[in-house]
Amino acid sequence: MRKFITKAVKSTTISSQEITIENGNVTSVPLEDFTVLGDYDVDRADRVAKKHYKGKNVVVTGVEVSERLYRMETEKFLELAEEVEKNDTMEVTK
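From a predicted model like this one, the values you see are computed outputs, not experimental measurements. (Residues numbered from 1 in each chain as written. Predicted model: local features only at pLDDT ≥ 70, side-chain atom pairs only at ≥ 80, totals over all residues. Heavy atoms only, no water.)

*Asks:* Help me understand the overall build of the protein, please; the structure alone is not making it clear to me.
*Replies:* Broken down by element type, the protein carries two helices and four strands. In the protein, the order of α-helices and β-strands from amino to carboxyl end is β-β-β-α-β-α. Since a compact globule built from 94 residues should have a radius of gyration of about 12 Å, the 20 Å found for the protein marks it as more spread out than a globular shape. In terms of principal-axis extent, the alpha carbons of the protein reach across some 70 × 25 × 20 Å. Going through the 94 residues of the protein one by one, you find that 17% of them count as buried. Contacts in the protein between residues far apart in sequence, at least 24 positions, make up 63% of those at least 6 positions apart. (Helix = DSSP H or I, 4+ residues; strand = E, 2+ residues; numbered from the N terminus. Rg over C-alpha atoms; globule rule 2.2 N^0.38 Å. Buried < 20%, exposed > 50% of the residue type's maximum accessible area, 1.4 Å probe, protein only. Contact = heavy atoms within 4.5 Å.)

Take a look at the structure:
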């Protein structure tokens, strides 16, 4: 049996700004960047940013995807992991 289980995990940092209109002038205010798990494109990041900053007129100004590699001892993984039933639609990685 392998000593370690290794998994690459992608995350996306989303940069955005709030757009406001005051007296006919358009202004933008940078909002705090936030990170979500997964590989998000600009369209998906836009939907997530609008939910994250609900009630604000938000535009995404940047999307940065990064990948980090994690590992755990196999025995510890088995101790902590939840066993699931395999079915035809589930993808199992080896």
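Picking up where we left off.
*Asks:* In this structure, what is going on with the pairing of strand 2 (residues 25–30)? I would like to understand it.
*Replies:* For a regular strand, the rule is simple: side chains alternate between the two faces of the sheet. Relative to strand 2, strand 1 (residues 4–22) is paired through six bridges, and the arrangement is antiparallel. Across the sheet, residue E22 finds its bridge partner in strand 2, namely N25. The turn joining strand 1 and strand 2, which pair antiparallel and follow one another in sequence, is formed by two residues; a positive phi near 55° is taken by N23. (Pairing = 2+ DSSP bridges.)

*Asks:* Just to check I follow, could you spell out the nonpolar core for this structure?
*Replies:* If you look at soluble globular proteins, the nonpolar side chains tend to sit buried side by side. Listed in full, the ten residues of the largest apolar core are I14, L31, F34, V36, Y40, A45, A49, Y53, V58 and V60. Of all the secondary-structure elements, those providing two or more residues to this core are strand 3 (34–37), helix 1 (42–52) and strand 4 (58–73). Excluding anything up to four places from it in sequence, A45 contacts I14, Y40, V60 and V63. (Core = buried A, V, L, I, M, F, W, Y, C linked by side-chain atoms within 4.5 Å.)

*Asks:* In this structure, what is going on with the pattern of salt bridges? I would like to understand it.
*Replies:* Note on pairing: side chains with opposite charge can pair once their charged atoms come close. Summed over the entire model, instances satisfying the criterion amount to three salt bridges. Two residues, D39 and K10, come together in a salt bridge whose shortest N-O distance is 3.6 Å. Of this pair, D39 sits in the loop between strand 3 and helix 1 while K10 is found in strand 1, placing the two residues 29 residues apart along the sequence. Given the relative accessible area of 44%, D39 is considered partly exposed. (Salt bridge = Lys/Arg side-chain N within 4 Å of Asp/Glu carboxyl O.)

*Asks:* What's the story with the packing of aromatic side chains in this structure? I'm lost.
*Replies:* Aromatic ring pairs are reported here in terms of the distance separating the ring centres and the angle at which the planes meet. Overall, the coordinates contain one aromatic pair when judged by the stated rule. Aromatic pair F34 and Y53: ring centres 5.9 Å apart, planes at 75°, arrangement edge-to-face. Note that F34 is positioned in strand 3 and Y53 in the loop between helix 1 and strand 4, a separation of 19 residues in sequence. The buried category is assigned to Y53, whose relative accessible area is 13%. (Phe/Tyr/Trp six-rings, centres within 6.5 Å; stacked < 30°, edge-to-face > 60°.)

Nothing here speaks to function; it is geometry throughout.
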